[in-house]
Amino acid sequence: ELHKQSGPPALINTYVRGSVGMQLLDETSNDGSNGIYDQEWDPGFILSGTIGTELEDGFRAEGEFFYSNSSLNPMSGRWNNKNYNTERVQGDISSAAIMANIVYDFHSNSRITPYGMGGLGMSLLSLNDLKALKDATANDMDLVAALQVGGGFTLDLDRRTKIELGYRYFETQN
């Protein structure tokens, strides 16, 4: 028996997804005319929204917007002729990115489907009011190229609802 989905042809394989995640950043370094310092970041969060379409042979194409944020943690180095090695810091780093992703689903005969993904896009990176011992060290933003790769598993709850557990590595241009 043949089953046909109703609706406009362009929307039949279209989906939307929202996600919440945790962000873990590496230590970063700032090297400029005012000095050099290293900074660490607290674990932060990621919020994302995606619209995508299922293509043939297990592929999906997606457009994604996400926002991430992490607070400044310890800072050490020399900036504006002052030495710092302190946890008395404030400020955060945030990123707002628009990404074009390709996803491949490794279909199986179970409700759990592994996937791999990759994407390219642009990210607006912002260092927001970074201070050490109440001295301003950075407050800047830059629009940079970005890429991401990741993978995970999707669990089908029913025909229309899925839960996804995944990992993404996100990299931006210096």
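Residues numbered from 1 in each chain as written. Predicted model: local features only at pLDDT ≥ 70, side-chain atom pairs only at ≥ 80, totals over all residues. Heavy atoms only, no water.

## A few points about the overall build of the protein
(1) Moving on: A count of helical and extended segments in the protein gives 0 helices and 10 strands.
(2) Moving on: If you list the helices and strands of the protein from N to C, you get β-β-β-β-β-β-β-β-β-β.
(3) Moving on: Taking 16 Å as the expected radius of gyration for a compact globule of 174 residues, we find that the protein reaches 21 Å, considerably beyond that expectation.
(4) Moving on: The dimensions of the protein, computed from C-alpha atoms along their principal axes, are 80 × 25 × 20 Å.
(5) Moving on: Per-residue burial over the protein gives 29% buried out of 174 residues. (Helix = DSSP H or I, 4+ residues; strand = E, 2+ residues; numbered from the N terminus. Rg over C-alpha atoms; globule rule 2.2 N^0.38 Å. Buried < 20%, exposed > 50% of the residue type's maximum accessible area, 1.4 Å probe, protein only.)

## Side note on a nonpolar patch on the surface
(1) Moving on: Taken together, the side chains of Leu120, Leu147, Val149, Tyr167 and Tyr169 make up a nonpolar region of the molecular surface, amounting to roughly 510 Å² of accessible area.
(2) Moving on: Going through the elements one at a time, strand 9 (135-156) and strand 10 (162-172) are the ones with two or more residues in the nonpolar patch.
(3) Moving on: Judged by relative accessible area, which is 56%, Tyr167 ranks as exposed. (Patch = residues over 30% accessible without salt bridge, like charges linked within 9 Å, V, L, I, M, F, W, Y side chains within 5 Å. Areas by Shrake-Rupley, 256 points an atom, 1.4 Å probe, with all protein chains shown as cover. Salt bridge = Lys/Arg side-chain N within 4 Å of Asp/Glu carboxyl O.)

## Some points on the packing of aromatic side chains
(1) Moving on: With the rule as written, the count across this model stands at 4 aromatic pairs.
(2) Moving on: Geometrically, the ring pair formed by Tyr104 and Phe106 is edge-to-face, given 4.8 Å between the ring centres and 80° between the ring planes.
(3) Moving on: Among the residues examined, Tyr104 registers a relative accessible area of 30% and is labelled partly exposed.
(4) Moving on: Given a relative accessible area of 44%, Phe106 falls into the partly exposed group. (Phe/Tyr/Trp six-rings, centres within 6.5 Å; stacked < 30°, edge-to-face > 60°.)

## Quick look at the side chain of Ser94
(1) Moving on: Assignment of secondary structure puts Ser94 in strand 7 (residues 89-105).
(2) Moving on: We classify Ser94 as buried; its relative accessible area is 8%.
(3) Moving on: Engagement of the side chain of Ser94 in a polar contact is seen with the side chain of Asn128, the distance being 3.2 Å. (Polar contact = N/O pair within 3.5 Å; in protein donor to acceptor, adjacent residues only side chain to side chain.)

## Notes on the environment of Leu120
(1) Moving on: Position of Leu120 among the secondary structure elements: in strand 8 (residues 112-132).
(2) Moving on: Separated by 26 residues in the primary sequence, Leu120 and Ala146 have C-alpha atoms spaced 5.8 Å apart.
(3) Moving on: In this structure, Leu120 is in contact with Ile98, Met99, Ala100, Ala146 and Leu147, ignoring residues within four places of it in sequence. (Contact = heavy atoms within 4.5 Å.)

## Some words on the nonpolar core
(1) Moving on: Counting 11 residues, the largest nonpolar core consists of Tyr37, Trp41, Leu72, Met75, Trp79, Tyr84, Val89, Ile93, Leu130, Ala132 and Ala138.
(2) Moving on: Sorting the residues of this core by element identifies strand 3 (35-41), strand 5 (59-79), strand 7 and strand 8 as the ones contributing at least two each.
(3) Moving on: With 3 residues, strand 5 is the single largest residue contributor to this core.
(4) Moving on: Here Leu130 is in contact with Gln39, Trp41, Leu72, Gln90, Gly91, Asp92, Asp135, Ala136, Thr137 and Ala138, once residues within four sequence places are set aside.
(5) Moving on: Grouped together as the second largest cluster of nonpolar side chains are 5 residues, Ile46, Phe66, Ala97 and Met99 included. (Core = buried A, V, L, I, M, F, W, Y, C linked by side-chain atoms within 4.5 Å.)

## Here we look at the pattern of salt bridges
(1) Moving on: Enumeration according to the criterion identifies 7 salt bridges in this entry.
(2) Moving on: Of the charged contacts in the structure, one is a salt bridge between Glu62 and Arg60, with a shortest N-O distance of 3.4 Å.
(3) Moving on: Given the relative accessible area of 9%, Arg60 is considered buried.
(4) Moving on: Across the pair Lys162 and Asp156 runs a salt bridge, and its minimum N-O distance is 3.8 Å.
(5) Moving on: We classify Lys162 as partly exposed; its relative accessible area is 48%.
(6) Moving on: Each of Arg17, Arg60, Glu62, Asp105 and Glu164 takes part in a single network of salt bridges with overlapping partners.

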